[in-house]
Amino acid sequence: MAKTTDPVALNNWYVVAALSNLAAGQTHRTRLLGQDISLRTGADGSPNCAEIEAGQPVREVEHIAVRYDFVWVCLGRPTQDIIDIPEIGDSGRRYIQRGRIGVATSGPRIIENFFDLSHFSFVHTGTLGGLNVTEVPPYAVDVRENGELWATECRFFQPKASSASDEGAEIAYQYRVPRPFIALIYKTSPSRPTDNDIIGLFIQPRDETDCIVHSFGLMWNWKNSDAEMLHFFHEVFAQDRSVLIHQLPKKLPLMPRREIPTHSDALSIAYRRWLDKSGLQFGVDREFAKSA
Amino acid sequence: MSISAVNLWSWYPIVASRDLQTGAVMPAMLHGERVVVWRSREGRLGVWNDRCPHRSMSLSLGSTLGEMLVCPYHGWEFGSDGNCRRIPAHPATTPSRAARARVYPAIEASNYVWACLGEPASAQPECGLVAGSALSPIRSMHVCADAETVALILLAHPLTATAGQTPAAPACQLEGDMLAVTHAGESGSAICRAQLGLPPIIVCKLDIAGEPLSYAGLIQPTGENTAVVHLALLGEGAQAARLALNRALSRLRDRMPVLAQSVLLPELRDVLADLRQPAAISVMSKGLDHGENNRPSRAQ
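What you are looking at is a predicted structure, and each value in this text was computed from that prediction instead of being measured. (Residues numbered from 1 in each chain as written. Chains lettered and ligands numbered in written order. Predicted model: local features only at pLDDT ≥ 70, side-chain atom pairs only at ≥ 80, totals over all residues. Heavy atoms only, no water.)

## Thoughts on the overall build of chain A
Argument step 1. A count of helical and extended segments in chain A gives five helices and 16 strands.
Argument step 2. Its C-alpha atoms give chain A a radius of gyration of 19 Å, near enough to 19 Å, the size a compact globule of 292 residues would have.
Argument step 3. Residues classed as buried in chain A amount to 55% of the 292 residues present.
Argument step 4. Averaging the locations of the 31 positively and 36 negatively charged side chains of chain A gives two centres separated by 4 Å. (Helix = DSSP H or I, 4+ residues; strand = E, 2+ residues; numbered from the N terminus. Rg over C-alpha atoms; globule rule 2.2 N^0.38 Å. Buried < 20%, exposed > 50% of the residue type's maximum accessible area, 1.4 Å probe, protein only. Lys, Arg positive; Asp, Glu negative; His and termini not counted. Charge placed at Lys NZ, Arg CZ, Asp CG, Glu CD.)

## Observations regarding the domain arrangement of chain B
A common way to report how large an interface is uses the accessible area buried once the components associate.
Residues and elements named next belong to chain B.
Argument step 1. If you check the domain split of chain B, you get domain 1 (12-115) and domain 2 (128-282).
Argument step 2. Between the C-alpha centres of domain 1 and domain 2 there is a distance of 33 Å.
Argument step 3. Contacts between the two partners involve 15 residues from domain 1, matched on the other side by 17 residues from domain 2.
Argument step 4. Together, the buried faces of domain 1 and domain 2 total about 1200 Å²; carbon and sulfur atoms form 59% of this surface.
Argument step 5. At the boundary of domain 1 and domain 2, one finds seven residue pairs in polar contact (both at pLDDT 80 or more).
Argument step 6. For the side of domain 1 that touches domain 2, the secondary structure elements donating two or more residues are strand S1 (12-16), strand S2 (25-30) and strand S11 (112-115). (Domains from an automatic or database assignment. Contact = heavy atoms within 4.5 Å. Buried area = accessible area lost by both parts, 1.4 Å probe. Polar contact = N/O pair within 3.5 Å; in protein donor to acceptor, adjacent residues only side chain to side chain.)

## Considering the layout of surface pockets
Argument step 1. Put simply, the largest pocket is a space of about 1100 Å³.
Argument step 2. Every residue lining the largest pocket is counted, 28 residues in all, and those nearest its centre are A:Arg258, A:Lys290, B:Asn49, B:Arg51 and B:Arg102.
Argument step 3. Tallied by class, the residues present in the lining of the largest pocket amount to eleven nonpolar, four polar and 13 charged.
Argument step 4. The calculated volume of the second largest pocket comes to roughly 380 Å³.
Argument step 5. Lining the second largest pocket are 19 residues; nearest its centre among them are A:Gly147, A:Pro180, A:Trp274, A:Lys277 and A:Ser278.
Argument step 6. Mapped onto the lining of the second largest pocket, the elements with two or more residues apiece are helix H1 (7-10), strand S11 (169-179) and helix H5 (266-278) of chain A.
Argument step 7. For the lining of the second largest pocket, the element with the most residues is H5(A), which contributes six residues.
Argument step 8. Here the residues of the lining of the second largest pocket are counted per class, giving nine nonpolar, seven polar and three charged.
Argument step 9. The residues that make up the lining of the second largest pocket include at least three from each of domain 1 (7-74) and domain 2 (94-285) of chain A. (1 Å grid on protein atoms, 1.4 Å probe; cavity = no way out; pocket = protein on both sides within 12 Å on 5 of 7 lines; lining within 4 Å. Points joined across faces, edges and corners; volume = space filled by probe spheres on them. Nonpolar A, V, L, I, M, F, W, Y, C, P; charged D, E, K, R; others polar.)

## Thoughts on the sheet that holds strand S8 (residues 94-103) of chain A
All names here are of chain A.
Argument step 1. Read across the sheet, seven strands follow the order S8-S14-S13-S12-S11-S10-S9 without closing on themselves; strand pairing throughout is antiparallel. The two strands at the open ends of the sheet, each matched to only one other strand, are S8 and strand S9 (140-143). Strand-to-strand, the axes of this sheet are offset by a mean angle of 20°, without reference to chain direction.
Argument step 2. For S11 and strand S12 (residues 182-189), the ladder comprises five bridges, and the chain directions are antiparallel. (Pairing = 2+ DSSP bridges. Axes fitted to C-alpha atoms, helices over the stretch in contact; angles between N-to-C directions.)

## Section: helix H2 (residues 107-114) of chain A
Given 3.6 residues to a turn, an α-helix orients residues that are three or four positions apart in the same direction.
Argument step 1. Counting buried residues along H2(A), eight of its eight residues qualify, which places the element largely inside the surrounding structure.
Argument step 2. Within H2(A), burial applies to A:Gly107, A:Pro108, A:Arg109, A:Ile110, A:Ile111, A:Glu112, A:Asn113 and A:Phe114.

## Overview of the side chain of A:Thr152
All names here are of chain A.
Argument step 1. Of note, Thr152 is situated in strand S10 (residues 149-158).
Argument step 2. Assessed through its relative accessible area of 14%, Thr152 is described here as buried.
Argument step 3. The residues touching Thr152, leaving out its near neighbours within four places in the chain, are Tyr139, Ala140, Arg144, Tyr173 and Gln174.

This is the structure we're talking about:
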């Protein structure tokens, strides 16, 4: 697939690598929005990016930045800044980058699964949900003045909310969707119940239905090793991946009645409307429902 | 006239009954449509579109719960009519009528599960060829060819115990609404029949080395260029015969790309093309040699 012509997709910033994964002097090749790109760190440690055609760099990518130890790229003209995550760097939380995982579906499908409460009991049985408590209490959804989509007042009983959990607990959740391909969770920290752990997902859409998921954790957790934290995350994400790759169509249907929602899908309904209004074409399916 | 009518009004075989145990859920394909096949605790059969109406998850990855099929993603429970009965996220809420899986007509006959993607034209599968004899399933095998090509290959190359045993010089004959291909040689004979204008079912009577044996190949069109052959014995047969047919089918699959290019196939296609002319539907018998002037001609 060639580089998308969708301006909404092109004008966003995307994470394309963790800075620590770029070895000095080595070229890292990847793809973004259908465009092959190469990343290379210069003598000063700062990365450069070029668009590649037929194996050769053809255009220097103008918009490249390092934030939160991730490399960010915009292939169009950025209409907004890279999102602000004030908690990174100013808190006592532990910051951990959680690698990159490929998922053969669209970015919006991955984001929707990330903020979905009602799959916990069935997909993450024994950790993020249990079969004895499946009910999703009502929560609030709003679009903020800065254009970000939020869900607040969410709660769910989780047998093991994180690698630091000792026992099941009712966990409060907030979801923040600042960009179409970025979502963050703020959830009660098991080791510090008055505060939040934060988990962020940065989707790198290679193509419309093929993504790399970069993510980070920002946790009140000093008792687990990196390996223990990654193991918990990878177990949870492997479960999500196993459902995501079996959802068809892979592109997220935006039009009502293509898929039948219920009350607990309030954020999903809002996300689809919000994407529709944004004009995004990349990774979404704008067909109407066939008349029966 | 076609021997592989692919239509929305016919029944097609999906799986051998014995391969769908109580409580089982499995995926299948029919005419490019993904379907889920399942059997409830009480033995009720379901062939549905393999898609949960909620978030388009494959229901074939789900499980059965008594008389319900459960979606693996959010645990929605569907009754045998396809309607959602319970949404675990809202146990006190009655699910909307829109929360409904698409259910296809399904039936069990002759030890197979059959499904129809549209309105079935008949109450039972139209398998007159095998009527009166029990089908004893041997094996179901995916092959990479369209249903018509598979049917022609099965007509032109009977499944015999040993490779190369097929008697040479097949002859083609119309018998009412059936096409018969007779293979006769020194080692014995094989008569393969297909019903015309209906879903492809090939029945073959073998009589090789003094051992008569009949089998059926039921063809399930899965995609544009893929099919499943459900191979069954007609009546009871010795285990040795089942094994031999099983092996012969494996050989046939391995040789499929070669057989699809076989000179016999265009000849058979020509016969079928001639049958499309109304005048041609009369007595017709013609040897199918490979010679230039031996194209099957219309009977006078």
